[in-house]
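Given next are the chains, with one letter for each unit.
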Amino acid sequence: MRRLFTEIVYTLRGYLETFGSSMLFLLRILAACPYALKRPGLIIKQVYSTGVLSLVIIILSGFFVGLVLALQGHNTLSRFGAAETLGAVAALALVRELGPVVTALLFAGRAGTALASEIGLMRATDQLSGMEMMAVDPVKRVVAPRFLGAVIAMPLLAVIFSAMGIFGAWLEGVIIVGVDEGQFWAQMQAQVELHEDVMSGVYKSIVFGFAVALLSVFEGYNSIPTAEGVGRATTRTVVESSLAVLVLNFILTAWLIGEV
Amino acid sequence: MSSSMEQTESKAAKPDEFIMVIEDLWYSRGQKKIFQGLNINIRRGEVTAIMGPSGTGKTTLLRLMTGQILPDRGRILIGGEDVTKMSRRELYRLRKRIGMLFQNGALLTDLSVYDNVAFPLREHTNLPERLVRHIVLTKLHAVGLRGAWQMSPSELSGGMARRVALARAMVMDPDIIFYDEPFVGLDPISMGVVVRLIRKLNDALGLTSIVVSHDVEEVSSIADRTFLISDGRVVASGTPEDMEQNVSAVVQQFMSGMADGPVPFHYPAPDYDEQILKRNES
């Protein structure tokens, strides 16, 4: 029992240490952002590699989530004679929850791991030490542009995911299942509020982007410079980012709705 | 004996004769003591070799010299400035006058050969691109790779990557260049090229070169002075000729490449028979 307690204390202390280190690292990144902003080419390159190169998986996932959402939604709503509200239900689910959350989880798996492994390999092959020896701070030159690129790319991908999801829901609900098209769009237009619904999704995706980007660059930068170390850092990136997204989603949802 | 020799040498020398002075350096990693009171004086304009068996901490010493890690105790002076007391900003200012060649070259894999060599210039100067191009091509020409300027690091052989890294290390016209095991993994032709380049560039550009290596023959052919490290201390120092004539058992073992001697072949282990029998019993 005592051993278990000690282990729990040590584990918690480990998490606290990691949290503290990541916060200090965040301060270093934020201090390095002006340098990165003076070199927009570096940020654009990262928006391309984290955002544009993630488009295929985001578009396909959004589309299929929309299809399933319409199928399930129509099936359930028909029981209550409310099938015409399918457009509103699908859009609300996508813009408020599924868009930001699923995009963030996919983003952590696709772009987060790429960031962590790339920076980890740069550490393992002495590229970061080489920069330091050339009097160039790797946090400014490597980490900050990647962090900013990911923070910019994530909300854009979430918007694309939601748009593709709505398209999928329309295709399934209106074209295949036969829900009235006018009702589909009219209900959506009437029920989805820009500030309350769309923007809450955008805020969430910005926060998720921030969390995933920070954890990815932090794990990569602090990885042990071996093949195993980089592998572990990549795995930790996915696990920590996914958990962070889900926990933050609960906190943000409670805060945005105003009910806890 | 060697430390008293260094002190005499230090007193006899003019103050600015040494570009780097390491005084009473102590460093440990966990329980293992890597350096125990290391003293080294490096003369300006010379090629200085730091040699020693594997695991003696040669690369660690290089990292200490360049302020990448901090010692437990002692001073490391470069041009009179103590590296161990410097802030990050001061270290970066100093490193603009230092070049370093890593074991694997450490070229930035997302940049071409040309952009790798131009990297320090673009980061630290506001030179127009025409002048950057001129300097980069001059440095690449000096290492014989002007024709490879468009290639990416992944297309280069080990020897070529090392030469590109050398061009990058000297692009800011540094005062000192550190070489970390520059001959490891090179074929005889590439090794010969790198050996000659180190000497030639040192003399032509008036640099001070510090070469960390365990390749006795290659290093002895270009070094003006050699320091042999073992057990955390300098066990011998002098010109390559002095080292050859040194009768110390450690020096003789290292210079002649004998498998066993003061530096044992076997890592400390329990009795062989006892360990084998125990395993069989279990």
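Residues numbered from 1 in each chain as written. Chains lettered and ligands numbered in written order. Predicted model: local features only at pLDDT ≥ 70, side-chain atom pairs only at ≥ 80, totals over all residues. Heavy atoms only, no water.

1. Structural notes on the overall build of chain A
Then comes step 1: Along the backbone of chain A there are nine helices and zero strands.
Then comes step 2: Reading the helices (α) and strands (β) of chain A from amino to carboxyl end gives α-α-α-α-α-α-α-α-α.
Then comes step 3: Within chain A, the fraction of its 260 residues that count as buried is 48%.
Then comes step 4: Expressed as a percentage of contacts within chain A between residues at least 6 apart in sequence, the contacts between residues at least 24 apart total 83%.
Then comes step 5: Accessible surface, chain A as shown: approximately 12,800 Å² in total, 70% of it carbon and sulfur.
Then comes step 6: Averaging the positions of the 17 positive and the 18 negative side-chain charges in chain A gives two centres separated by 14 Å. (Helix = DSSP H or I, 4+ residues; strand = E, 2+ residues; numbered from the N terminus. Buried < 20%, exposed > 50% of the residue type's maximum accessible area, 1.4 Å probe, protein only. Contact = heavy atoms within 4.5 Å. Areas by Shrake-Rupley, 256 points an atom, 1.4 Å probe, with all protein chains shown as cover. Lys, Arg positive; Asp, Glu negative; His and termini not counted. Charge placed at Lys NZ, Arg CZ, Asp CG, Glu CD.)

2. Side note on the interface of chain A and chain B
Then comes step 1: Chain A puts 19 residues into the contact, and the matching count from chain B is 21 residues.
Then comes step 2: Both faces considered, chain A and chain B share a buried interface measuring about 1,800 Å² in area, 55% of it formed by carbon and sulfur atoms.
Then comes step 3: Ionic pairing is found between A:R141 and B:E123, a salt bridge with its closest N-O pair at 3.1 Å.
Then comes step 4: Remark: the boundary between chain A and chain B carries six residue pairs in polar contact (both at pLDDT 80 or more).
Then comes step 5: Elements that contribute at least two residues to the side of chain A that touches chain B include exactly α1 (2–37), α5 (127–133) and α6 (138–177) of chain A.
Then comes step 6: In terms of residues, the side of chain A that touches chain B owes the most to one element, α5(A), which gives six residues.
Then comes step 7: Of the residues contributing to the side of chain A that touches chain B, the split by class is seven nonpolar, four polar and eight charged. (Buried area = accessible area lost by both parts, 1.4 Å probe. Salt bridge = Lys/Arg side-chain N within 4 Å of Asp/Glu carboxyl O. Polar contact = N/O pair within 3.5 Å; in protein donor to acceptor, adjacent residues only side chain to side chain. Nonpolar A, V, L, I, M, F, W, Y, C, P; charged D, E, K, R; others polar.)

3. Quick word on helix α7 (residues 188–205) of chain B
Residues and elements named next belong to chain B.
Then comes step 1: Helix length check: α7 (18 residues) gives 25 Å between terminal C-alpha atoms against 26 Å at 1.5 Å per residue, within 8%.
Then comes step 2: Here α7 has its buried residues at S190, M191, G192, V194, V195, L197, I198, R199, L201 and N202.
Then comes step 3: Of the residues flanking the start of α7, the one acting as N-cap is D187, its side-chain oxygen 3.0 Å from the backbone nitrogen of I189.
Then comes step 4: Where α7 terminates, the next one or two residues include G206, which has phi positive at roughly 65°. (Expected span 1.5 Å × (residues − 1).)

4. Digging into the packing of helix α4 (residues 86–124) of chain A against α6(A)
Residues and elements named next belong to chain A.
Then comes step 1: Here α4 crosses α6 at 145°, and the two axes come no closer than 7 Å. For the pair α4 and α6, the sense of crossing is right-handed.
Then comes step 2: For the contact of α4 with α6, the class distribution of residues is 23 nonpolar, five polar and two charged. (Axes fitted to C-alpha atoms, helices over the stretch in contact; angles between N-to-C directions. Left-handed = near helix turned anticlockwise from the far one by under 90°.)

5. So, the environment of B:D271
All names here are of chain B.
Then comes step 1: Examined against the element boundaries, D271 turns out to sit in the loop between α10 (249–256) and α11 (272–281).
Then comes step 2: Among the polar contacts listed, one links the side chain of D271 to the backbone nitrogen of D273, at a separation of 3.4 Å.
Then comes step 3: In terms of polar contacts, D271 uses its side chain to reach the backbone amide nitrogen of E274, at 3.1 Å.

6. Things to note about the environment of B:K58
Residue and element names in this part refer to chain B.
Then comes step 1: Mapped onto the elements, K58 comes out in helix α2 (residues 58–65).
Then comes step 2: K58 sits in the buried class, given a relative accessible area of 5%.
Then comes step 3: Considering only alpha carbons, one finds K58 and I34, 24 residues apart in sequence, at a separation of 9.6 Å.
Then comes step 4: In contact with K58, not counting residues within four places along its chain, are I50, M51, G52, P53, E181, V212, S213 and H214.

7. Describing the confidence of the model for chain B
Then comes step 1: In the predicted model, chain B carries a mean pLDDT of 85, and 90% of its residues have values of at least 70.
Then comes step 2: Every residue in residues 1–12 of chain B is under pLDDT 50, and counting partners more than four places away or in other chains gives 15 contacts. (pLDDT = per-residue confidence, 0-100.)

8. Quick look at the packing of aromatic side chains
Given two aromatic rings, one states the distance between the centres and the angle between the planes to describe the pair.
All names here are of chain A.
Then comes step 1: Enumeration over the complete set of coordinates arrives at eight aromatic pairs over all chains.
Then comes step 2: With a centroid separation of 5.1 Å and an interplanar angle of 35°, the aromatic rings of F25 and Y221 are classed as tilted. Separated by 196 residues along the polypeptide, F25 in helix α1 and Y221 in helix α8 (residues 194–221) bring together distant segments of the chain.
Then comes step 3: For Y221, a relative accessible area of 7% corresponds to the buried category. (Phe/Tyr/Trp six-rings, centres within 6.5 Å; stacked < 30°, edge-to-face > 60°.)

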